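# Close look at the chain arrangement
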Amino acid sequence: MLKRLLLALAVALAASEASAQTKVSRGLKINADGAIRIYNLVGSVRVIGWNRDSVLVRGTLGKGNNLHMGGGGAGMKMFIEGIDERNPAPADIEVSVPMRARVWVKTATASIEVSGVAGSLDLYVVGGNIKVTGNPADVNAEAIDGSITIVGSPAWVRAKSASGDVSLNGSSSDVTVSTVSGKIDVEGGRYEKAKFESVTGNIRFAGSFERGGLANFDTHGGTIEVGIPKGNDADFEVVSIAGKVTNRLTSSRPVAGRYGRGSELNTTAGIGGTRVVIKSFKGPVTLLRKD
Amino acid sequence: MTEDNIDDESLRNLQAQTAKLPREITPPADAWAVIKAEIERPRAISGDNGAARVSPIWQRPAFLAAAALLLVAGSSAVTAIALARRNVEGTRVTASQPAVAAERPVANSNGAPATLAEFTLVENDYISTANRLSALLESDETQLAPETIAKLKESLRVIDAAILEARRALAADPANKQLIEMLSTSYNQKVDLLRRTTEMGRS
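Residues numbered from 1 in each chain as written. Chains lettered and ligands numbered in written order. Predicted model: local features only at pLDDT ≥ 70, side-chain atom pairs only at ≥ 80, totals over all residues. Heavy atoms only, no water.

## Quick word on the packing of helix α5 (residues 146–172) of chain B against helix α6 (residues 177–201) of chain B
Residue and element names in this part refer to chain B. It is at 9 Å that the axes of α5 and α6 come closest, and there the two elements cross at 160 degrees. Regarding the angle of α5 to α6, the classification is roughly antiparallel. Viewed along their axes, α5 and α6 form a crossing whose handedness is left-handed. Where α5 approaches α6, its residues L152, S155, L156, I159, D160, A162, I163, A166, R167, A169 and L170 are matched on the opposing element by L179, I180, L183, S186, Y187, Q189, K190, L193, L194 and T197. (Axes fitted to C-alpha atoms, helices over the stretch in contact; angles between N-to-C directions. Helix = DSSP H or I, 4+ residues; strand = E, 2+ residues; numbered from the N terminus. Parallel < 35°, antiparallel > 145°, perpendicular 65-115°, else oblique. Left-handed = near helix turned anticlockwise from the far one by under 90°. Contact = heavy atoms within 4.5 Å.)

## Topic: the pattern of salt bridges
All told, the structure shown has 19 salt bridges over all chains when counted by the stated rule. K160 of chain A is paired through a salt bridge with D192 of chain B; the nearest N and O atoms lie 3.1 Å apart. Here the residue K160 of chain A occupies a position in strand β14 (residues 156–160), and D192 of chain B occupies one in helix α6, the pair thus bridging two chains. Note on accessibility: K160 of chain A and D192 of chain B belong to one class, buried. A salt bridge links R167 of chain B to E123 of chain B, with the nearest nitrogen and oxygen atoms 2.8 Å apart. Here R167 of chain B is found in helix α5, whereas its partner E123 of chain B is found in helix α4 (residues 116–140), with 44 residues between them in sequence. Each member of the pair, R167 of chain B together with E123 of chain B, is buried. One network of salt bridges, in which partners are shared, links K160 of chain A together with D192, R195, R196 and E199 of chain B. (Salt bridge = Lys/Arg side-chain N within 4 Å of Asp/Glu carboxyl O. Buried < 20%, exposed > 50% of the residue type's maximum accessible area, 1.4 Å probe, protein only.)

## Observations concerning the confidence of the model for chain B
All names here are of chain B. The predicted model of chain B averages 67 in pLDDT, with 46% of residues at 70 or higher. Highest mean pLDDT in chain B belongs to α5 (92); lowest belongs to strand β1 (residues 44–46) (42). Per-residue pLDDT stays below 50 along residues 43–55; that stretch engages in 11 contacts with residues further than four places along the chain or on separate chains. A low-confidence stretch, residues 96–109 (pLDDT under 50), is modelled with 48 contacts involving residues beyond four sequence positions or located in other chains. (pLDDT = per-residue confidence, 0-100.)

## Let's talk about the nonpolar core
Among the nonpolar cores identified, the biggest contains 64 residues, and I38, M78, F196, F209, F217, F236 and I278 of chain A are the most heavily contacted of them. By size, the runner-up hydrophobic cluster in this structure holds 36 residues, among which are V122, L183, V191 and L193 of chain B. (Core = buried A, V, L, I, M, F, W, Y, C linked by side-chain atoms within 4.5 Å.)

## Remarks on the pairing of strand β8 (residues 102–106) of chain A
Residues and elements named next belong to chain A. Summarising burial for β8: five of the five residues are buried, a large majority. Neither face of β8 is open: one carries R102, W104 and K106, the other V103 and V105, and all of them are buried. Looking at chain direction, strand β2 (residues 35–39) and β8 are connected through five bridges and run parallel. In the sheet register, Y39 faces β8, and the bridge partner there is K106. Of the strand pairs in this sheet, β8 and strand β10 (residues 120–124) are connected by four bridges, and their pairing is parallel. Looking at β10, one finds that V105 is bridged to L123. (Pairing = 2+ DSSP bridges.)

## Quick word on the packing of aromatic side chains
All names here are of chain A. With the rule as written, the count across this model stands at 11 aromatic pairs over all chains. With 5.7 Å between their ring centres and 80 degrees between their planes, F205 and F217 make a pair best called edge-to-face. In terms of burial, F205 and F217 fall into one category: buried. Ring centres of F209 and F236 lie 6.5 Å apart, and the angle between their planes is 75 degrees; on these two criteria the pair is classed as edge-to-face. (Phe/Tyr/Trp six-rings, centres within 6.5 Å; stacked < 30°, edge-to-face > 60°.)

## Description of the side chain of N140 of chain A
All names here are of chain A. Looking at where N140 falls in the secondary structure, it is placed in strand β12 (residues 138–142). Among the residues examined, N140 registers a relative accessible area of 2% and is labelled buried. Here Y124 takes part through its side chain, which lies 3.3 Å from a polar atom of the side chain of N140. (Polar contact = N/O pair within 3.5 Å; in protein donor to acceptor, adjacent residues only side chain to side chain.)

## Structural notes on the environment of L183 of chain B
All names here are of chain B. Position of L183 among the secondary structure elements: in helix α6. Residue L183 is classed as buried on the basis of its relative accessible area, which comes to 0%. Once residues lying within four places of it in the same chain are set aside, the contact partners of L183 are F119, I163, A166, R167 and L170.

## Notes on the interface of chain B and chain A
On the side of chain A, 48 residues touch chain B, which itself brings 42 residues to the contact. A combined buried area of about 3,700 Å² lies between chain B and chain A, and 54% of that area is made up of carbon and sulfur atoms. In this structure, the connection of chain B to chain A is made through four salt bridges. With a shortest N-O distance of 2.1 Å, E181 of chain B and K279 of chain A are connected by a salt bridge. At the level of secondary structure, the elements contributing two or more residues to the side of chain B that touches chain A comprise α5 and α6 of chain B. The element best represented in the side of chain B that touches chain A is α6 of chain B, accounting for 14 residues. Looking at the side of chain B that touches chain A residue by residue, the classes come out as 15 nonpolar, 14 polar and 13 charged. (Buried area = accessible area lost by both parts, 1.4 Å probe. Nonpolar A, V, L, I, M, F, W, Y, C, P; charged D, E, K, R; others polar.)

## Some words on the side chain of S280 of chain A
Relative to the helices and strands, S280 of chain A is located in strand β24 (residues 275–280). Discounting chain neighbours no more than four positions away, the residues touching S280 of chain A are T219, H220, I224, V239, S240, I241 and V285 of chain A together with M182 of chain B.

## Considerations on the environment of S208 of chain A
Residue placement: S208 of chain A occurs in strand β18 (residues 203–219). Excluding residues within four positions of it along the chain, S208 of chain A makes contact with G189, R190, Y191, P229 and N232 of chain A.

Put into structure tokens, the structure is as follows:
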């Protein structure tokens, strides 16, 4: 009897919660390359590029939330306003935008997912995660303790997190990734101008360098592993103040550091042509072949 | 001369004290007259054995005056670098700032100081910038969730530990340019993290 009563109560509560949520579906005309700003503290934001000159917002707003949106052809903005700004109810929204639009999204803990946008992206989260899929012109993604994942080939990438991980799976002609303790993982793709830096986070690169490019790897205490495939030529300059340098890529051996401590390695893979500078204070550095 | 045995507390105190030093001071009114007179004096001074003894270059008034000017100029340059370093990583068009250079933080290792003396000047600037941002963040702290603040503080602790470790190594090996670059990178990361968090906290 008590079980039935509790079950009924739970069903009633769930129904009440559901009825407190509001479904939204709203649209607005915008130019194909218009600027769109989205602000949602909690929940999720999903942005999808489509082949229309308009913006469509669909989703579910938490209790007391209101969606405000407005603007013209050149630009528009939308934000979720909650009754209690200190403890906002989550809002889950999906925003379809013109493929070439420039998109700016800021959240607190809401996750951000973007796919199919060819314009530029500015994405900011405090504690949520960011995921970008596709080939936007450029991506600026910043998090404090959230992770950042980019699958695709933006021409320009800036990705920064503190304790969150950053992973790239694609190519870019100009990329900078920075973390404090978060891991940096680069899988595949070709990179021309690249910079990867962490304080204690491990850095793993398994991609290729464009000829004539410049790549920098910096860490204080994380590990650095750089693997390139056969046929990818590069000139490596490796310095570690107190860490071990291991070379499984060429026949060169590390030597004692020029300041009487640590170790250094200068070596060329193939015929060289791309400058790769690796600096570590105490994290171990490994060069290897990835085929 | 090394200071490898400096303890953490002393280093922090020293950094706090140097951060409080004024950017410039006005020299005494009669300073130039004294400097001029010293410059015009014969440079060779007779020693006891009758041989000419040349005073060390770092003790000469002209050198000291030039050093003072360099210090002031260097200090100003550091300020200029600090103000300019927010846009060194390229330009692009953003949704928020169409056709304007995107704000990018802090110089990278390419702009790192080359000597310990240069670095010391820049370090003071890093410390005062970091202190200013920390104070700003403290005042805005309520806008960020407690767990975010905790994670931020943990990240700052990680960076500070790295700075301290590299600083100690640099004290033992002051000519090591790689260390100076690494230390500059760590300071850049600290300032950048504080700036980003401050901006995110201001919704």
